[in-house]
Structures are given as structure tokens and as C-alpha cells.
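# Results of the structural survey
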Amino acid sequence: MVTLKEIAEMCNVSVTTVSNILNGKARAGEETKRRVLEVVKETGYQPNYIAQGLRNSKTRTIGIIAEDIAQFTTPGIIEGIMEYCESKGYRTIVRNLRLYARWKDKWYNNDDAYHSILDPVLQELLSVKVDGIIYIAGHARIVQAFPQDFSLPAVMVYAYSDSPDIPSVGIDDEKSAYELVKYLLDMGHRRIGIIGGLSSNIHTQKRLLGYQKALFDAKILYEPALVRYGDFERETGYREAKTLIDAGVSAIFCMTDRSAGGVYDYLEEVGLEVAKDISVVGFDNQDIAAYFRPGLTTTRLPLSEVGYAAAETLLSMIEESAEEREKRPQNIERLIPCEFQLRKSVGKWNVKQ
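Residues numbered from 1 in each chain as written. Predicted model: local features only at pLDDT ≥ 70, side-chain atom pairs only at ≥ 80, totals over all residues. Heavy atoms only, no water.

This part covers unusual backbone geometry. The peptide bond linking arginine 293 to proline 294 adopts the cis configuration, its omega dihedral lying at 0 degrees. As for its position among the elements, proline 294 is in the loop between β11 (279–281) and β12 (298–300). With phi around 55 degrees, arginine 98 is a residue other than glycine that occupies positive phi space. Note that arginine 98 resides in the loop between β2 (91–96) and α6 (99–103). (Helix = DSSP H or I, 4+ residues; strand = E, 2+ residues; numbered from the N terminus.)

Structure (C-alpha cells):
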């Protein structure tokens, strides 16, 4: 493999000049820059990041740990992280824990199993001298991923760390739910049912809070009986739709597009029409939402933007001075707003109906 010294000899310049040109710091003439970059391309030169890291204590490499790349939220987040890192000259190393593939949802409270997979990955990333780590969770919760004395800057994505020194980046569940419910209210609906996930789930709790605030601002009494819990899946939507319709709702806010699919199934089965008889909104804007008939009004998760913000946060931590590090506030939380997606699953509702 060609070395930096050999590149310098081919171009008849110093090693420092070549290094500065490759790092965008050179004051060399345009012809020298052109020649160096040409030789680099011709020889296929690749920097030895590990060696650089040993010399400089920085490898310009970020570790990304995903609980499971198969989770629908994860690929978009990784894309956003990579986009920002590439724009700043950082490389990325992705490690997939495959937790859902291994154990589905049976591992959340099994610390021994969890750390038997996570800890070797952390050690590997430390051994290759990454400058920082971004951890991507499959769903929002408090995660005990890093030891309290962890030596590297780290950011938690789509969840929260148990350490106040580790910032978190996620979506603004509360505001997005508020906007969806307010839209239903603006369309004349006053009795709005809601189908969520588990009552202990953080996404469920924050979206429920947005729902409650929208009702409060419209001076409508909150009715706990109109809130149904499940597992975010289609079967839950189908099961709970009957209860809500029997309770006299005119609209249903589903906390996922998948559960909205279950509501569509039930309405078709009993001869009711979406938008005409019962209005439905979802959450996530997964691909299936556009193919429902009528198309599902929902909200797009800003996954790429979340990843971009996470990388931005981590790199600012890596590059901050010791004084800035001391002044950095704890429990930093960045929430990225979702994007309202209007389709045709909501109809106007009059009191006489």
C-alpha cells in the first residue's frame, strides 16, 4: 500500500504539504494541489486512520451501534448520520446488535443477555480508536448502554440514556400528536378515540399528552375511556376499533399507521366508510399509508433529520474544548418536529351527524 511519504516523493513536495492538502489546510499553489490529488487518485492512496489516531489521539471515525437495522426507523437515521459525517470528513463504522432478530421484544429487561451482545461491540469500537459513538434504539425508553465512566463522547438516538452527560435526539411525539388531533378538531370532530401502544411506552405517553393538550385547548373534556392501549400493531387497531365506535366516536387517532390498518379492516367488515362515517389518522407515514384507500392522513417521522442532528451533536462534543466541556449542560434533549401528511381519511363532521 502506497504511503504518504511515497506520495510526497512522487510530487517532489514535503510529507507535511501532502498531509495538509488532503486535510484541506494547505496554502500550496493550485498546480501543486492538482498534482498531489492526481497522484493520490492514480495510486489509490488511503489514509491509515488507526495510525493517525495513535499519533493524533483522533481517528475522525464515528461508531454507530444499532439495536437492529431491521427496525423501520433505523435505516433513515443511519443515512442522516452518515450524510453529516461525510460532510465533515468523518468515517463511520456501523455495528448491528440484531436484538429484535435474536429475541423479538423479550430482551428489554434481560440485562445479562443485552450486555452479552453490546459490551463486546463497545470494546471493539474502543479498540479501533473511534472518536465517539452514536447509539440507535429501536423505540423510546431509558437505556443503560454505557458505563457511568465511559471515556468517549456518546449520543443516544430515539431513546434516553441513564447518564445525564449523554445527550439524546429524537422526534417530537407530543407536538406531532397535538397537530394531528387539532386537525381533527378543526374538521368538526369532538369525540375522538385514540389507539396507542403499551401505556408504559414513552411514545404512547408523549403522544397521549399531545392529544390531551389539543382537547384542553379546544375546551373539550378528556375521557380516559376513549383511550385504548395495545402493541402498535394491526391486530390492536382491529380489536379496539369496535370498542371506540360503540362508544360513539366520530374519529380515531391511531398512534401508528399499522394500527390504523386494523381500523380500516374493521370498518370495511362492518360496512362503514373511512372519512364518511369514521375519520382516521395515523402516525409514522410508513409506505403503506399512501396505499390505503382512502389514503391515510398521518405524520412523517423525520428519521434522516434525527440522524443528522445526532451526528451534529456528537461532532460538536468531540471538537469542543475542555472549558466548553465543563460548561456543557446535562440532560440535553433535541426533539425534531414531524411533518404533517394530509391525505383523504378525514371528513368534516357536523354536530347533527
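Now that the structure has been shown, the text picks up again.
A sheet is described by the order of its strands in space; here six strands give the open sequence β2-β1-β3-β5-β7-β13, paired in parallel fashion. Strands at the two margins of the open sheet, each flanked by one partner only, are β2 and β13 (333–336). Within this sheet the neighbouring strands show an average axis-to-axis angle of 20 degrees, counted without direction. Those strands touched by helix α5 (residues 74–87) are β1 (61–66), β2, β3 (132–136) and β5 (154–157), and its axis lies near 160 degrees from that of β3. Those strands touched by helix α7 (residues 111–127) are β1, β2 and β3, and its axis lies near 170 degrees from that of β1. (Pairing = 2+ DSSP bridges. Axes fitted to C-alpha atoms, helices over the stretch in contact; angles between N-to-C directions. Contact = heavy atoms within 4.5 Å.)

Turning our eyes to something else, we now look at the pattern of salt bridges. Counting across every chain of the model gives 20 salt bridges. For arginine 34, the salt bridge identified is with glutamate 31, shortest N-O distance 2.4 Å. Pair noted here: arginine 34 and glutamate 31 are both in helix α3 (residues 30–43), with a separation of three residues, about one helical turn. Owing to a relative accessible area of 41%, arginine 34 belongs among the partly exposed residues under this scheme. With a shortest N-O distance of 3.1 Å, arginine 258 and glutamate 233 are connected by a salt bridge. Of this pair, arginine 258 sits in helix α11 (residues 257–269) while glutamate 233 sits in the loop between β9 (227–228) and α10 (234–246), and the two are 25 residues apart along the sequence. Take arginine 258: its relative accessible area is 25%, and that puts it in the partly exposed class. (Salt bridge = Lys/Arg side-chain N within 4 Å of Asp/Glu carboxyl O. Buried < 20%, exposed > 50% of the residue type's maximum accessible area, 1.4 Å probe, protein only.)

What follows concerns the side chain of aspartate 284. Take aspartate 284: it is sitting in the loop between β11 and β12. Those residues in contact with aspartate 284 that sit more than four places away from it in its chain are Phe72, Arg207, Thr256, Asp257, Thr298, Thr299, Arg300 and Leu301.

So, about the sheet that holds β11. On the basis of which strands lie adjacent, the open sheet formed by four strands has the order β9-β8-β10-β11 and parallel pairing. For this open sheet the edge positions go to β9 and β11, each flanked by a neighbour on one side alone. In the sheet, strand β8 (residues 192–195) pairs with strand β10 (residues 251–254) via four bridges, with the strands oriented parallel. For isoleucine 194, the partnering residue across the bridge sits in β10 and is phenylalanine 253. Set on the sheet, helix α9 (residues 202–217) makes contact with β8, β9 and β10; between it and β8 the angle comes to about 175 degrees.

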